[in-house]
Amino acid sequence: MTIATAVPRPETLGQPWPTGDGVRITGVRAITTAPEGIALVVVRVDTNVDGLYGLGCATYTQRWHAVVSFVEEHLARLVVGRYPGDIEDLVRLARFSGYWREGPVTNNAISGLDMALWDIAGKRAGLPVHELLGGRVRAAADTYIHAGGRMIDETLDQAEAFLEAGWRHVRLQVGQNAIGTYGTAPRSLDPHPGAPYPLGWRQGEYHRNTVELFRAARERFGDEPEFLHDVHSRLTPKQAVVLARALEPYRPFFLEDVVAPEDWDHLPEVREASPVPIAVGELTTSLQDAARLVTGRGVDLIRSHISAIGGLTAARKIATLAEFSGVRTAWHAPGDTSPVAAAANVAVDVTSPAFGIQEGHVYPDAVHEVFPGTLSIEQGWLTPNEAPGFGIDIDERAAAAYPAELSGHDAWAAGVRGLDGGLIAP
């Protein structure tokens, strides 16, 4: 009896169809930099045409070393020699190549390839990426910006400055013990003597402070501005409903990540009971995860970090699915989103009828130095570049002046504990 042995067949890695010209991928490498103190990973895909290369975002800032290894030790050998115009085929090849698939390391690496190939496609066509996606359905993407302070007045002072600068949507956060909400400093003002962890996070205190924050915001700014809030996954499904109902009089634009991913099965019942729109998806790590949130009737807005679900190709599929499911997009885009990913977000925003809102981030001068072409928010609006591709480049000499290093940001989310000392999931 002959026992069959699995033998790799290299011919299956190449496309079984002719290509229209001789353009080929000649190199794939990862570039790391941290001009804002946050490790960013950008993938550069080179071709055999002088000056023709593409950039894509592969930033998983908590595990950036793993993404770099994936790109350079596994991904490059799959695609070097291939025609860069076969974007869908190359992305599927990369996705299936590991057999066990999905997850933030895999999908961020694939995202770097995917976005870089779209960038190349735009440059070859002499068109911005948004025109390759079908062209605009709006002039620009409206954004929201983050206001967060240790006390309510500090948060509202920040919000006032943003509103005066032209923003119409502001996310409101206020400090809590044990970093109770993302984006704010620990409050550490009201320890609970006798508890194993006296400065631990308290759900009741968080609930009261958040409701008071929104009450004070409406009293100070009136009905016109739109205010948002990020729970950051720290409530049970029932607690999420209670918070949403308590905030109803103050009309939040949305509540973000009200429960942890482990409780996403409860999102349909939370959404049904909530008078406030629910935005979830930042922690999706696959195209399928994001699709299930959209089709499962558990979200009003889908908030995926698009590099974590595989890049632009995945994001445009989710946007189309959202369009036919009554869901809007609100892509995740804080400081651990590179300018390349920000440009990819906006390309989908301005071409999708399902657009809801775009998370905004104001990049400091150092980021603009490293990434020429970085988009700037003007009075709350983000407008895509009109240059071919994404219109973003990278100055590698400037990037090297801001080396990516392991820091507290690599594990910041693991620092929230309750009064009993137990870790609370981010």
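Given the structure is predicted, the values throughout are model-derived calculations rather than measurements.

Chemist: How should I be thinking about the packing of aromatic side chains in this particular structure?
Modeler: To describe a pair of aromatic rings, one takes the distance between the centres and the angle between the planes. This model, assessed by the stated rule, comprises six aromatic pairs. Centroid distance Y144 to F254: 5.8 Å. Interplanar angle 90 degrees. Geometry classified as edge-to-face. Residue Y144 is located in strand β4 (residues 141-149), and its partner F254 is located in strand β7 (residues 254-256); the two are separated by 110 residues in the primary sequence. Look at Y144 and you get buried, because its relative accessible area is 0%. Given the relative accessible area of 0%, F254 is considered buried. Where F221 meets F227, the ring centres are 6.0 Å apart and the plane angle is 50 degrees; that geometry is what we call tilted. F227 matches F221 in its accessibility class, with the two residues each being buried. In this structure, R44 is placed above the aromatic ring of Y53, and the distance from its NZ or CZ to the ring centre is 3.8 Å. It is K123 that lies over the ring of Y53; its NZ or CZ is 4.5 Å from the centre.

Chemist: Honestly, helix α7 (residues 237-247) in this entry has me stumped. Any pointers?
Modeler: Given 3.6 residues per helical turn, the α-helix brings residues three or four places apart onto the same face. Where α7 is concerned, the buried positions are P237, A240, V241, L243, A244 and L247. The arc enclosing the buried residues of α7, seen along the axis, measures out at 165 degrees, which places them on a common side. Buried positions along α7 lie against α6 (203-221), β7 and α8 (267-273).

Chemist: Looking at this structure, how should I read the confidence of the model for the protein?
Modeler: Note that predicted coordinates carrying low pLDDT should not be read in detail. Per-residue confidence for the protein averages 91 on the pLDDT scale, and 91% of its residues sit at or above 70. pLDDT under 50 marks residues 1-9. Its contacts with residues more than four places away, or in other chains, come to zero contacts.

Chemist: So what exactly am I meant to see when it comes to the pairing of strand β2 (residues 40-47) here?
Modeler: Residues in a regular strand point their side chains to alternate faces of the sheet. Within β2, eight of the eight residues are buried, which leaves it mostly tucked inside the rest of the structure. In β2, alternate side chains face the same way, and those of L40, V42, R44 and D46 on one face and V41, V43, V45 and T47 on the other are all buried. With eight bridges connecting them, strand β1 (residues 25-33) and β2 associate as antiparallel partners. When the sheet's bridge partners are listed, V28 is paired in β2 with V45. Between β1 and the antiparallel strand that follows it, β2, lie six residues; G37 among them carries a positive phi value of about 85 degrees.

Chemist: Please clarify how the nonpolar core should be interpreted in this entry.
Modeler: The tendency in soluble globular proteins is for nonpolar side chains to be buried side by side. Of all hydrophobic cores here, the largest spans 117 residues; its most connected members are V45, M115, L172, V258, L267 and F390. For this core, the element with the highest residue contribution is helix α1 (residues 64-79), accounting for nine residues. The contact partners of V258, leaving out residues within four places of it in the chain, are V231, S233, R234, L235, A240, L267, V270 and I278. Core analysis: the second largest hydrophobic core is formed by eight residues, Y144, F253, F254 and I357 among them.

Chemist: What is the right way to look at the sheet that holds strand β3 (residues 53-57) in this model?
Modeler: Pairing in this open sheet of three strands is antiparallel, and the strands run β1-β2-β3 from one edge to the other. Both outer strands of the open sheet, β1 and β3, are each paired with one neighbouring strand and no more. Here the strands of the sheet are splayed against their neighbours by 20 degrees on average, with no regard to which way each runs.

Chemist: Mind showing me how you'd approach the side chain of H130 here?
Modeler: By secondary structure assignment, the location of H130 is in helix α4 (residues 129-132). Since its relative accessible area comes to 3%, H130 is described here as buried.

Chemist: Looking at this structure, I do not really get the packing of helix α9 (residues 287-295) against helix α10 (residues 312-323). What am I missing?
Modeler: In a pair of packed helices, the angle between the axes and the distance between the axes together describe the arrangement. Look at α9 against α10: their axes get within 10 Å of each other, and the N-to-C directions meet at 10 degrees. Put simply, α9 runs roughly parallel to α10. Where α9 abuts α10, its residues L287, A290, A291, V294 and T295 lie against A314, K317, I318, L321 and A322. For the contact of α9 with α10, the class distribution of residues is eight nonpolar, one polar and one charged.

Chemist: Looking at this structure, how should I read the environment of D46?
Modeler: Structurally, the position occupied by D46 is in strand β2. Sequence separation between D46 and R24 is 22 residues, and the spatial gap between their C-alpha atoms is 8.5 Å.

Chemist: For this particular structure, what's the right way to read the packing of helix α3 (residues 104-125) against α10?
Modeler: Their axes nearest at 8 Å, the elements α3 and α10 cross at an angle of 90 degrees. What the angle tells us is that α3 and α10 run roughly perpendicular. Mapping the contact onto sequence places D114, M115 and W118 in α3 and L312, T313 and R316 in α10. Looking at the contact of α3 with α10 residue by residue, the class counts come to three nonpolar, one polar and two charged.

Chemist: Please explain the environment of E102 as it appears in this structure.
Modeler: With respect to the secondary-structure elements, E102 resides in the loop between α2 (87-96) and α3. Each C-alpha atom of the pair E102 and A291 lies 14 Å from the other, and the pair is 189 residues apart in sequence. Setting aside its immediate chain neighbours within four residues, E102 contacts R95, N107, T285, S286, L287 and Q288. A distance of 2.6 Å separates the side chain of E102 from the side chain of R95, its partner in a polar contact. Of note is the side chain of E102, whose polar atom sits 3.0 Å from the side chain of N107.

What counts, and at which threshold
Residues numbered from 1 in each chain as written. Predicted model: local features only at pLDDT ≥ 70, side-chain atom pairs only at ≥ 80, totals over all residues. Heavy atoms only, no water. Phe/Tyr/Trp six-rings, centres within 6.5 Å; stacked < 30°, edge-to-face > 60°. Helix = DSSP H or I, 4+ residues; strand = E, 2+ residues; numbered from the N terminus. Buried < 20%, exposed > 50% of the residue type's maximum accessible area, 1.4 Å probe, protein only. Lys NZ or Arg CZ within 6 Å of the ring centre and 35° of its normal. Arc of directions from axis to C-beta. Contact = heavy atoms within 4.5 Å. pLDDT = per-residue confidence, 0-100. Pairing = 2+ DSSP bridges. Core = buried A, V, L, I, M, F, W, Y, C linked by side-chain atoms within 4.5 Å. Axes fitted to C-alpha atoms, helices over the stretch in contact; angles between N-to-C directions. Parallel < 35°, antiparallel > 145°, perpendicular 65-115°, else oblique. Nonpolar A, V, L, I, M, F, W, Y, C, P; charged D, E, K, R; others polar. Polar contact = N/O pair within 3.5 Å; in protein donor to acceptor, adjacent residues only side chain to side chain.

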